[in-house]
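# Tertiary structure, described
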Amino acid sequence: MTYNHHSTVAVLGSGKIGLAFVKQILQKTSYRVYATGRRSETLKAAESLGALALRDNNLAVRESGIVVIAVKPFHFPQLLSEVEPESWKGKIVVSLMAGVKLDTLRAAIPGARVFRAMPNLNSYVGFSSTAVAENGYDDTSRTVEEFLKIFGKVYWVPEEYLDIWTGLAGSGPAFIAEIIDAMAMGAVAAGMPRELSYEAVLDVLEGTARLLRSRLYQHPGQLRDDVTTPAGTTIKGLMVLESGGVKAVLMKMVEEASRRSREIGEEINLKILEKIRQR
Ligand SMILES: NC(=O)c1ccc[n+]([C@@H]2O[C@H](COP(=O)([O-])OP(=O)(O)OC[C@H]3O[C@@H](n4cnc5c(N)ncnc54)[C@H](OP(=O)(O)O)[C@@H]3O)[C@@H](O)[C@H]2O)c1
């Protein structure tokens, strides 16, 4: 996609993920960016990244070709009431809201081409793993794919996977951060300084991801076995891991996060549809 100076993106909701998007768009493209928020603190943060920060969601939508919805799902009904239905017409709308279904989005925003995506906070450094619900493959979806690639990798998936994706990749950076912290603390407990321990874990994480992506390994279990010398250090550590039931705990962690995403979706979709009926 060629980015021209006349292209404008609106990011509605300049919170954690909204600002990550604003930062990458402004760093990598020549899009103009309208970024909205309610508090002056939010607007200042967006402005300091180079966005045109404003409270007027209607103006931001009207002036833009691509509109990113980055407010919390329960703030969406309020946002809807602030934008005139006419303003959405002909726009490409990319919703990042957890749980809000495509059908609900289409009913809420008629006249726009709506996409539902789930990125993660790694967008901030351009390493998001973003899933987008399959929605026909045409010029518009290709534009959306190119747009989302600004923030990292893009996967088209059936919409039914999006809640699972939210529990795996959306929440994933938090889960991985906890695991990294725990391993670094283990090294501190064994007597190594925190900073050095932390750097080492980050290196191991990055390197292991690369190694697993190389052609050498078909499955993580193979790598584990290669590192595990009989009666060596690794098997002793693995025994502790197994006795703590850590693998089952991590599996349940993702399953439970996915379940909660579905549950939020069920609650919020009803509320949004109710709001639309009142219009
Ligand atoms: N955080 C993540 O890792 C992540 C990953 C994937 C998807 N998401 C999705 O992205 C959305 C935002 O998440 P977040 O973590 O970035 O939340 P957040 O930090 O709370 O940001 C939400 C932002 O929306 C703004 N906002 C609320 N109502 C508004 C309105 N009517 N007009 C304009 N701005 C409004 C808030 O601004 P004020 O503070 O000024 O009120 C706030 O800055 C959620 O739907 C979430 O499901 C988040």
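Residues numbered from 1 in each chain as written. Predicted model: local features only at pLDDT ≥ 70, side-chain atom pairs only at ≥ 80, totals over all residues. Heavy atoms only, no water.

Our next topic: the pairing of strand 6 (residues 113–118). Across the six residues that make up strand 6, a large majority, five, are buried. What joins strand 5 (residues 92–95) to strand 6 is helix 6 (residues 102–108), and the crossover it makes is right-handed. Here strand 6 runs beside strand 7 (residues 128–133); their pairing, made up of two bridges, is antiparallel. Bridging across to strand 7, Ala117 finds its partner in Val132. (Buried < 20%, exposed > 50% of the residue type's maximum accessible area, 1.4 Å probe, protein only. Helix = DSSP H or I, 4+ residues; strand = E, 2+ residues; numbered from the N terminus. Right-handed = clockwise from strand over helix to strand, strands pointing away. Pairing = 2+ DSSP bridges.)

Taken together, 24 residues sit near the ligand, with Arg38, Arg39, Thr42, Asn57 and Val71 positioned nearest. Contact between the ligand and Lys72: an oxygen atom at 3.4 Å from a side-chain N or O atom of the residue. At 3.3 Å from a nitrogen atom of the ligand is found a side-chain nitrogen or oxygen belonging to Glu82. Considered on its own, the ligand offers 890 Å² of accessible surface; in the complex 88% of this is hidden by protein. With respect to the pocket detection grid, the ligand is positioned in the second largest pocket. Sorting the residues of the shell around the ligand by element identifies helix 1 (16–28) and helix 4 (76–82) as the ones contributing at least two each. Among the residues making up the shell around the ligand, the classes are represented as eleven nonpolar, eight polar and five charged. (Near = heavy atom within 4 Å. Polar contact = N/O pair within 3.5 Å; in protein donor to acceptor, adjacent residues only side chain to side chain. Areas by Shrake-Rupley, 256 points an atom, 1.4 Å probe, with all protein chains shown as cover. 1 Å grid on protein atoms, 1.4 Å probe; cavity = no way out; pocket = protein on both sides within 12 Å on 5 of 7 lines; lining within 4 Å. Sits in = over half its atoms within 2 Å of the grid points. Nonpolar A, V, L, I, M, F, W, Y, C, P; charged D, E, K, R; others polar.)

It is worth spelling out the UniProt feature "binding site: NADP(+)" (unreviewed entry) in the protein chain at this point. Annotation from UniProt places "binding site: NADP(+)" (unreviewed entry) at Ala70, Val71, Lys72 and Pro73. Of the residues annotated just before, the second largest pocket has Ala70, Val71, Lys72 and Pro73 among its lining. Along the chain, the position of Lys72 falls in the loop between strand 4 (66–69) and helix 4. Relative accessible area serves as the criterion here: at 11%, Pro73 is assigned to the buried category. (UniProt positions renumbered as here; feature names shortened; annotations may be inferred.)

With that settled, consider the domain arrangement of the protein chain. When its domains are assigned, the protein chain resolves into domain 1 (8–163) and domain 2 (172–256). A straight line from the C-alpha centre of domain 1 to that of domain 2 covers 34 Å. (Domains from an automatic or database assignment.)

Together, Ile176, Ile179, Met183, Leu205 and Leu250 make up an exposed nonpolar region whose accessible area comes to about 400 Å². Mapped onto the elements of the fold, Met183 is located in helix 9 (residues 172–189). (Patch = residues over 30% accessible without salt bridge, like charges linked within 9 Å, V, L, I, M, F, W, Y side chains within 5 Å. Salt bridge = Lys/Arg side-chain N within 4 Å of Asp/Glu carboxyl O.)

With that settled, consider the confidence of the model for the protein chain. Averaged over every residue, the pLDDT of the protein chain is 95; the share at 70 or more is 98%. Low confidence marks residues 1–6, where pLDDT is under 50. Its contacts with residues over four positions away, or in another chain, come to eleven contacts. (pLDDT = per-residue confidence, 0-100. Contact = heavy atoms within 4.5 Å.)

Moving on, we get to the nonpolar core. Ranked by size, the top nonpolar core spans 33 residues in total, and within it Leu12, Ile69, Phe76, Trp88, Ile109 and Ile272 carry the most contacts. Apart from residues no more than four positions distant in its own chain, Leu12 is found in contact with Thr36, Asn57, Ala60, Val61, Val67, Val68, Ile69, Ala70, Val71, Leu79 and Trp88. Val11, Tyr31, Ala51 and Val68 belong to the second largest nonpolar core, which has 26 residues in total. (Core = buried A, V, L, I, M, F, W, Y, C linked by side-chain atoms within 4.5 Å.)

Throughout the structure, instances matching the rule amount to 15 salt bridges. A salt bridge links Arg194 to Asp181, with the nearest nitrogen and oxygen atoms 2.9 Å apart. Taken together, the residues span a long stretch of sequence, with Arg194 in helix 10 (residues 194–213) and Asp181 in helix 9 at a distance of 13 residues. You can call Arg194 partly exposed: its relative accessible area is 37%. On the basis of relative accessible area, Asp181 is assigned to the partly exposed category, the value being 25%. Through salt bridges that share partners, Glu256, Arg259, Arg260, Glu263 and Glu267 make up one connected network.

Here the focus is the side chain of Ser123. In this fold, Ser123 is placed in the loop between strand 6 and strand 7. With a relative accessible area of 0%, Ser123 lands in the buried category. Not counting residues within four places of it along the chain, the set of residues in contact with Ser123 comprises Ile17, Ala20, Phe21, Gln24, Ser128 and Phe151.

On to the UniProt feature "binding site: NADPH" (unreviewed entry) in the protein chain. Per the UniProt record, "binding site: NADPH" (unreviewed entry) is found at Asn57. Examined against the element boundaries, Asn57 turns out to sit in helix 3 (residues 57–62). Residues within four places of Asn57 in sequence aside, it is in contact with Leu12, Thr36, Leu79, Glu82 and Val83.

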